[in-house]
Amino acid sequence: MARKPKVAPDEYWNPRNETMPRESLTALQVAKMKRQLEWAAARSPFHKRRFAAAKFKPAQFKSLDDLRRIPPMTREEWMEAQAKTPPYGDLPAAPPEVAIRLHTTSGTTGRMPLRALDGTRDWQWIAEMWCYGFHGFGVRPRDTVFFAFSYASFIGFWGAHYACEKLGALVIPSGSLPTDARVKLIVENGATTVCATPTYVLRLAQVAREMGVDLKKAGKVERIILSGEPSGSVPAVRRKIEEVWGAPCGDTAGMTEIGTIMVFECRHRPGGMHIIEDHFIEEVVDPETMEPVKPGERGERVVTSFGRGILPLIRYRTRDLVARVPASECTCGRTFDIYRGGILGRVDDMHKIRGTNVYPRAVEAIVREHALVDEFQIVLSREKDRDEITVRVELQKGSEEHWPGTKKALDRDLAEAHENLRFRLELADPGSLPRFELKAKRLVDKRSL
Ligand SMILES: [Zn+2]
């Protein structure tokens, strides 16, 4: 048995709420939900219309059991509303004049981006949510925090940047700087915390190696904070990051629709992320029936956020797959429940290849077990009515002679994890596969072409 880690005197960002007993937490959620429903019904034509269609009145909501009475909302409905009355649709509960910035995210289907408006108070709240995560993973005023982030229309780490200002840490932004310049900034300024996507954290380490920089010796990095991709909770990816950086990594997850994070990993690292339950109601349901699943069972996240005033999100179907377990699985003393293993994938991420379910995240978990792999890509194709899945692998420069061994091991491991489905394996030239800074797209589906 591991020794129980001690809880530090400054463990929590919001000690009262983060350690609130369950009944008080539930009461707080119910009170906030009532207010949110009234706000939305009074000011958002989108919600007013949908509540009326479902014959739901905010006054009917009295306890969390009444959640099922509230019609869930989907991204498609939001996009439809945007298309009908462009550019913002009728979801916003306040006019654009109140907003201070616009963020967009590319649609998963179609060409229209999702457009998110936020006002001053929304941004204060967005930063506050990131504070739970950054403080919880150990960021303090003495820290120097480096953001490998482009500060563009994607909302990404914008809120995290403001959270660091709020916490009093020193921030180093890096805009659109090339990777080698970012490595230099991190080392020369003794950054103690690096924030990026898991993919880009590995990319930084790769470039550092090519520059002859040993991050473990030359840098002062004490922790890596990840966001933007589910692989931040994949053990093999984490091990690889921790090995090259010599620092522990903590995962966070958020979404443009919320504007910030809703879960974070604390420094006790329970193998999952705590849900910020005083600001969100997170439900986990069967995506087919919308019935709640049992604790620990995989289901779809349905989120209600209490902080965004202009965009009230109520029972929003995220399509994220998660498994919720009780807060007691962590030793930090927080009463916020945990998503074990982080975001486990997307409901629509599943690909059926010759009858076998394939999740890109599961493939990544296997590929990343191999230390020599620098980058990879999954290609789905159809040949003579037969679906094929190919994994193209780039090895570290100069280690190509190890390909036969790596190929053999990958062949075995991938088949073993996929009901003996055979994967094709190809060695790609060094540097030939795409590199990503945000939201890696490592799966190419050529079947629809
Ligand atoms: Zn914890």
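Attention here is on the structure that accompanies the text.

### With respect to the coordination of the zinc ion
Ideal geometry at a metal centre: 109.5 degrees between donors when four sit tetrahedrally, and 90 or 180 degrees when six sit octahedrally.
Here comes step 1: Donor atoms from the polypeptide that coordinate the zinc ion comprise Cys266 (SG), His274 (NE2), Cys330 (SG) and Cys332 (SG), at 2.1 to 2.3 Å from the metal.
Here comes step 2: Considering all four donor atoms around the zinc ion, the spread of angles at the metal, 101 to 120 degrees, places the coordination shape in the tetrahedral class.
Here comes step 3: For the zinc ion, the donor residues sit on a single chain with the sequence spacing C-x7-H-x55-C-x1-C. Here histidine 274 is found in strand β9 (residues 272–275), whereas its partner cysteine 332 is found in the loop between β12 (316–325) and β13 (338–340), with 58 residues between them in sequence.

### A look at the packing of aromatic side chains
Here comes step 1: Throughout the structure, instances matching the rule amount to 13 aromatic pairs.
Here comes step 2: Measuring from centroid to centroid gives 5.2 Å for phenylalanine 51 and phenylalanine 56, while their planes differ by 80 degrees, and the two rings are edge-to-face.
Here comes step 3: Using a relative accessible area of 4% as the deciding quantity, one classes phenylalanine 56 as buried.
Here comes step 4: Seen from their ring centres, phenylalanine 147 and phenylalanine 157 are 5.7 Å apart, and the 55 degrees between their planes marks the pair as tilted.

### Things to note about the pairing of strand β5 (residues 193–196)
Here comes step 1: Along β5, one buried face is formed by Thr193 and Cys195 and the opposite face, lined by Val194 and Ala196, is buried too.
Here comes step 2: With three bridges connecting them, strand β3 (residues 144–147) and β5 associate as parallel partners. From the neighbouring strand, valine 145 faces β5, where its bridge partner is threonine 193.
Here comes step 3: Here β5 runs beside strand β6 (residues 223–226); their pairing, made up of four bridges, is parallel. Bridge pairing links cysteine 195 to isoleucine 225 in β6.

### What about the side chain of histidine 351?
Here comes step 1: Tracing the backbone through its elements, the reader meets histidine 351 in strand β15 (residues 351–353).
Here comes step 2: In terms of polar contacts, histidine 351 uses its side chain to reach the backbone carbonyl oxygen of aspartate 349, at 3.3 Å.

### Overview of the nonpolar core
One recurring pattern in soluble globular proteins is that nonpolar side chains are buried together.
Here comes step 1: One finds Trp78, Trp130, Phe134, Val145, Phe147, Ile258 and Phe280 to be the most contacted residues of the largest nonpolar core, which totals 66 residues.
Here comes step 2: Here this core takes eight residues from helix α5 (residues 120–136), the largest share from any one element.
Here comes step 3: Setting aside chain neighbours within four positions, we find tryptophan 78 in contact with Phe46, Met73, Leu91, Leu114, Arg115, Glu257, Leu311, Leu313 and Tyr316.
Here comes step 4: Listed in part, the 25 residues of the second largest apolar core include Ile186, Ala191, Leu226 and Cys249.

### Some remarks on the pairing of strand β19 (residues 424–428)
Here comes step 1: The pairing of strand β18 (residues 386–395) with β19 spans five bridges and is classified as parallel. Looking across to β19, one finds that valine 391 is bridged to leucine 425.
Here comes step 2: Viewed along the sheet, the connection from β18 through helix α12 (residues 403–417) into β19 turns out right-handed.

### As for the pattern of salt bridges
Here comes step 1: In total, this model carries 42 salt bridges according to the counting rule given.
Here comes step 2: In this structure, glutamate 77 and arginine 50 form a salt bridge, with 3.0 Å as the shortest nitrogen-oxygen distance. Highlighted residues: glutamate 77 in helix α4 (residues 75–84) and arginine 50 in helix α3 (residues 45–53), separated in sequence by 27 residues.
Here comes step 3: For arginine 368, the salt bridge is made with glutamate 364, and the minimal N-O distance between the two is 3.3 Å. Exposure class is identical for arginine 368 and glutamate 364. Each is buried.
Here comes step 4: When salt bridges that share partners are traced, they join Arg354, Glu383, Arg386, Glu388 and Arg424 into one network.

### Overview of the sheet that holds β18
Here comes step 1: Taking strand neighbours across the sheet as the criterion, the four strands line up as β19-β18-β17-β20 in an open arrangement whose pairing is mixed. Across the chains shown, the open sheet's two edge strands, defined by having one partner strand only, are β19 and β20 (443–445). Strand-to-strand twist of the sheet, defined as the mean angle between neighbouring strand axes without regard to direction, takes the value 20 degrees.
Here comes step 2: The pairing of strand β17 (residues 373–383) with β20 spans three bridges and is classified as parallel.

### Topic: the side chain of aspartate 337
Here comes step 1: Mapping aspartate 337 onto the fold places it in the loop between β12 and β13.
Here comes step 2: For aspartate 337, the side chain forms a polar contact with the side chain of arginine 22, separated by 3.4 Å.
Here comes step 3: In contact with aspartate 337, other than residues within four places in its own chain, are Arg22, Met273, His274, Ile275, Glu277, Arg324, Val325, Pro326 and Ala327.

### Overview of the packing of helix α11 (residues 360–367) against α12
What describes two packed helices is the angle between their axes and the distance between those same axes.
Here comes step 1: At a minimum axis distance of 10 Å, the contact between α11 and α12 shows a crossing angle of 145 degrees. The chirality of how α11 crosses α12 is right-handed. Facing α11, whose interface residues are Val363, Ile366 and Val367, α12 presents Leu410, Asp413, Leu414 and Ala417.
Here comes step 2: Split by residue class, the contact of α11 with α12 holds six nonpolar, no polar and one charged.

Calculation notes
- Note that residues are indexed from 1 along each chain, following the sequence as it is written.
- In keeping with the predicted nature of the model, local features appear solely for residues at pLDDT of at least 70, side-chain atom pairs appear and are counted solely at 80 or more, and the whole-chain, interface and lining totals rest on all residues.
- Excluded from the side-chain calculation are hydrogens and water; included are all heavy atoms of the structure.
- Note that water is not among the atoms considered, so a metal site may appear incomplete; the donors listed are N, O and S atoms within 2.8 Å of the metal, with 3.2 Å applied to Na, K and Ca.
- Working rule for geometry: tetrahedral if four donors all subtend angles between 85 and 135 degrees; square planar for four, octahedral for six, if opposite donors exceed 155 degrees and the others stay between 65 and 115; irregular in every other situation.
- Helix and strand definitions here come from DSSP, where helices need a minimum of 4 consecutive H or I residues and strands a minimum of 2 consecutive E residues; each element is numbered from the N-terminal end.
- Note on aromatic contacts: the rings of Phe and Tyr and the six-membered ring of Trp form a pair at centre separations within 6.5 Å, being stacked when their planes are under 30 degrees apart, edge-to-face when over 60 apart, and tilted otherwise.
- Burial classification: accessible surface area is computed with a 1.4 Å probe over protein chains only, and a residue below 20% of its type maximum counts as buried, one above 50% as exposed, and the rest as partly exposed.
- Whether two strands pair comes down to DSSP finding at least two bridges between them.
- In protein, a polar contact requires one atom able to donate a hydrogen and another able to accept it; more generally it is a pair of N or O atoms within 3.5 Å, and residues adjacent in sequence count only if both atoms are side-chain atoms.
- Take the buried Ala, Val, Leu, Ile, Met, Phe, Trp, Tyr and Cys residues and link them wherever side-chain atoms come within 4.5 Å; each set so joined is a nonpolar core.
- In what follows, a contact means two residues having at least one pair of non-hydrogen atoms within 4.5 Å.
- The handedness of a crossover follows from its direction of travel: if, with the strands pointing away from the viewer, the path from the first strand over the helix to the second runs clockwise, the crossover is right-handed.
- Take a side-chain nitrogen of Lys or Arg and a carboxyl oxygen of Asp or Glu: if they are within 4 Å of each other, that pair is a salt bridge.
- As a rule, the C-alpha atoms of each element are fitted with a line to give its axis, helices using only the stretch in contact, and angles between N-to-C directions run from 0 to 180 degrees.
- Crossings are sorted by hand: turned counterclockwise from the far helix by less than a right angle, the near helix makes the crossing left-handed, and turned clockwise it makes it right-handed.
- Under the scheme applied, nonpolar residues are Ala, Val, Leu, Ile, Met, Phe, Trp, Tyr, Cys and Pro; charged residues are Asp, Glu, Lys and Arg; polar residues are all the others, including Gly.

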